[in-house]
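Listed below are the residues making up each chain.
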Amino acid sequence: MFLSIILLLSVSCWVLIYLIGRNNENYWRKRGVKFHNKHKVAGIFGEVFTSDKPIFKVAENIYKQYCDEPAVGLGGFLTPTLLVRDETNLQHIFQTDFQSFNHRGVETSKGDLLADNLLFMRGNRWKLMRQSMTPMFTSAKLKKMFYIMDKSGKDFISYLKHNPERLNGNAYDSLTTFCCAAIGASVFGVVSESVFESPFLKVARRVVKQTFRNNLKAAILNFSPWLAKTLNIKLFSNYEDFFIGAVKRMIRQREKEHGQSHDFVDICVNLQKNGTLKDRETGLVLVPTDELLSGQAFFFFLAGVEPSATALMACLLQLGKHPDHLEKLHKEIDMVHDKLNGKLTFESVMEMEYLDKVLCESVRILPPVGLLVRQCVKNTVLPTGNIKIDEGTKIFAPVYAMHNDPKYFPNPDVFDPERFASESTYNGHMYMPFGKGNRLCIGNRFAQLQVKTGLIYFLRNFTVKTIIDGDEFKYNKKQGQVRPCNADVKFIPRKITGL
Ligand code: HEM
């Protein structure tokens, strides 16, 4: 009897899987879209699970396999899922028809306080929160914040000099320490050197660790909001006491000090002083509670550590492989240093042309976020191929594949910062290391300033050498971000005077 039940259940499961797969395939075939047959049910996630490739590499394989198609249908359990490869369609999704694609497609649970942040918010709540946070990232604000980055850069060099074991191997780990100091100080105003041993960094590392549990939670939140709700899945509940507690303490302290540190805590104090946030168009009101503001701070903090350190690592990996470009950048940095007597300014960082080109080209080849996601919130049609898109459809944009496609970036494997000599020398529509459209990374300019300041201090004091195991970069399937797992950077002290 027991065996018969097991047998019946397994047969039902297989029939269900078969029917879902067939349904996914027919769904796209009926719309005239080619369907990627591998893993008809779980799609791209199924392929990641059963191969040794990370998600952006799986997406690249599909992108290359269907080179004449504007888009490819994928399995997505019960969610119609499409990998879009055509330039006009991508522009349509990110910019022209933003109203139909303004959601990122992850539904978080109501009580998941730290997940209630800009990345996951949707609709008018997202719009209002984005408007309220934008003032933190204006040029004027970044200029005022520059002293924080500058101090983090100087402190980090002195930290490296006192901890020479940090110079040989595990460069990424050292870079996260610098990024944590810079974002930590900008968000919370923490400016003591102790940030290099910060408990915040431990939290940031734990949160982004790809464990089976974290991946399962993310998969359920991605593909079954119903199940996520039923199981009350929370992404970050373990960190609430620590993080919200810290933000609360800092806001209360700043209220007493009446100081102007030009950091995130200042913004929080001002938002709370002004009362509620209100969207004039829709009348929507949000109360800037400590919890809501902690959610924003939490994501700024995560974003300021991992992706920023990955971008810095991308630059150093390329420079350590290309001594001619490294020498050119060293010259630019030394020239600015000498001109300013070692006193770096916001303006001088922004004016360093070669530094800018090196960063642009490094995150072209290795964009930290290799795959972007949107979800359709209103039935619409994609122009190339006249593809009907229903509300709820998930869209993948394979950024890593696009950035390395010779159609858009000739000789994509060649590290050539001069591609970015001007806006007319590269394809801006297909270049999106910070995303595109209204949901573009809000910390885009902050991150660039952070990475550039870090590079200036590192390269003023060290030269770098890339060590690769093998001929080309390899990636670990567990890594969400585009960061080679077989390469490291060695820091070699330069003979210079002053920082
Ligand atoms: C080099 C470092 C960084 C990279 C490569 C990066 C990249 C990205 C990308 C690709 C997105 C998705 C954009 C889209 O879907 O169109 C994003 C979103 C976001 N990033 Fe960043 N980011 C970086 C650093 C930062 C920093 C330092 C902050 C905050 C201080 C930040 C805050 C955000 C936020 C809040 C969002 C969600 C925006 C929204 O949906 O409105 N990022 N980032």
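In this convention, every chain numbers its residues from 1, walking through the sequence in written order. Per-residue local features of the predicted model are confined to residues with pLDDT of at least 70, and side-chain atom pairs are confined, for both listing and counting, to 80 or more; whole-chain, interface and lining totals are unaffected and use all residues. Neither water nor hydrogens contribute to the side-chain values; these are computed over all heavy atoms in the structure.

**Comments concerning helix 12 (residues 264-273)**
Phase 1 of the analysis: Classification of residues uses two cut-offs on accessible area relative to the type maximum, computed with a 1.4 Å probe and protein chains only: under 20% is buried, over 50% is exposed, and between them is partly exposed. Counting from the N terminus, the helices are DSSP H or I runs at least four residues long and the strands are E runs at least two residues long. For helix 12, a buried count of 7 out of 10 residues is recorded, marking the element as mostly surrounded by other parts of the structure.
Phase 2 of the analysis: Here helix 12 has its buried residues at Phe264, Val265, Asp266, Ile267, Cys268, Val269 and Leu271.
Phase 3 of the analysis: Positive backbone phi, at 85 degrees, marks Gly275, one or two positions downstream of helix 12.

**Here we look at the coordination of the iron atom of the ligand**
Phase 1 of the analysis: For Na, K and Ca the donor cut-off is 3.2 Å; for every other metal, N, O and S atoms count as donors within 2.8 Å. Water does not enter the count, which can leave sites looking incomplete. No protein donor other than Cys441 (SG) coordinates the iron atom of the ligand, and that contact is at 2.3 Å.
Phase 2 of the analysis: Examined against the element boundaries, Cys441 turns out to sit in the loop between helix 17 (399-403) and helix 18 (444-461).

**Focus on the site of the ligand**
Phase 1 of the analysis: In the neighbourhood of the ligand, 29 residues make up the surrounding shell, with Arg104, Trp126, Arg130, Arg374 and Cys441 lying closest.
Phase 2 of the analysis: In protein, a polar contact means a hydrogen-donor-capable atom and an acceptor-capable atom, both N or O and within 3.5 Å, with residues adjacent in sequence counting only if both atoms are side-chain atoms; elsewhere, any N or O pair within 3.5 Å suffices. Between the ligand and the protein, one listed contact pairs an oxygen atom with a side-chain N or O atom of Arg104 at 2.4 Å.
Phase 3 of the analysis: For the shell around the ligand, the secondary structure elements donating two or more residues are helix 5 (123-133), helix 13 (290-321), strand 5 (372-375) and helix 18.
Phase 4 of the analysis: Of the residues forming the shell around the ligand, the biggest block, 7 residues, is contributed by helix 13.
Phase 5 of the analysis: Looking at the shell around the ligand, its residues break down into 20 nonpolar, 4 polar and 5 charged. Proximity is defined per residue: if any heavy atom of the residue lies within 4 Å of a molecule or strand, that residue is considered near it. Asp, Glu, Lys and Arg are counted as charged, while Ala, Val, Leu, Ile, Met, Phe, Trp, Tyr, Cys and Pro are counted as nonpolar; the rest, among them Gly, fall into the polar class.

**Quick look at unusual backbone geometry**
Phase 1 of the analysis: Not every positive phi belongs to a glycine, and Asn232 is a case in point at roughly 50 degrees.
Phase 2 of the analysis: Relative to the elements of secondary structure, Asn232 occurs in the loop between helix 10 (225-230) and helix 11 (240-257).
Phase 3 of the analysis: Positive phi, close to 45 degrees, is recorded for Asn411, a residue that is not glycine.
Phase 4 of the analysis: Here Asn411 lies in the loop between helix 17 and helix 18.
Phase 5 of the analysis: Assessed through its relative accessible area of 57%, Asn411 is described here as exposed.

**Concerning the packing of helix 11 against helix 13**
Phase 1 of the analysis: For helices, the axis comes from a line fit to the C-alpha atoms of the stretch in contact; other axes are also lines fit to C-alpha atoms, and the angle between any two N-to-C directions lies between 0 and 180 degrees. Where helix 11 meets helix 13, the closest approach of the two axes is 9 Å, and the angle between their N-to-C directions is 110 degrees. When the axis of helix 11 is compared with that of helix 13, the two are roughly perpendicular. For the pair helix 11 and helix 13, the contacting residues are Phe243, Ile244, Val247, Lys248, Ile251 and Arg252 in the first and Asp290, Glu291, Leu293, Ser294, Ala297, Phe298 and Phe301 in the second.
Phase 2 of the analysis: Here the contact of helix 11 with helix 13 is built from residues that sort into 8 nonpolar, 1 polar and 4 charged. Should an angle fall under 35 degrees it is taken as roughly parallel, and over 145 as roughly antiparallel, whereas 65 to 115 is taken as roughly perpendicular and any remaining angle as oblique. Contact criterion: two residues are considered in contact whenever any of their non-hydrogen atoms come within 4.5 Å of each other.

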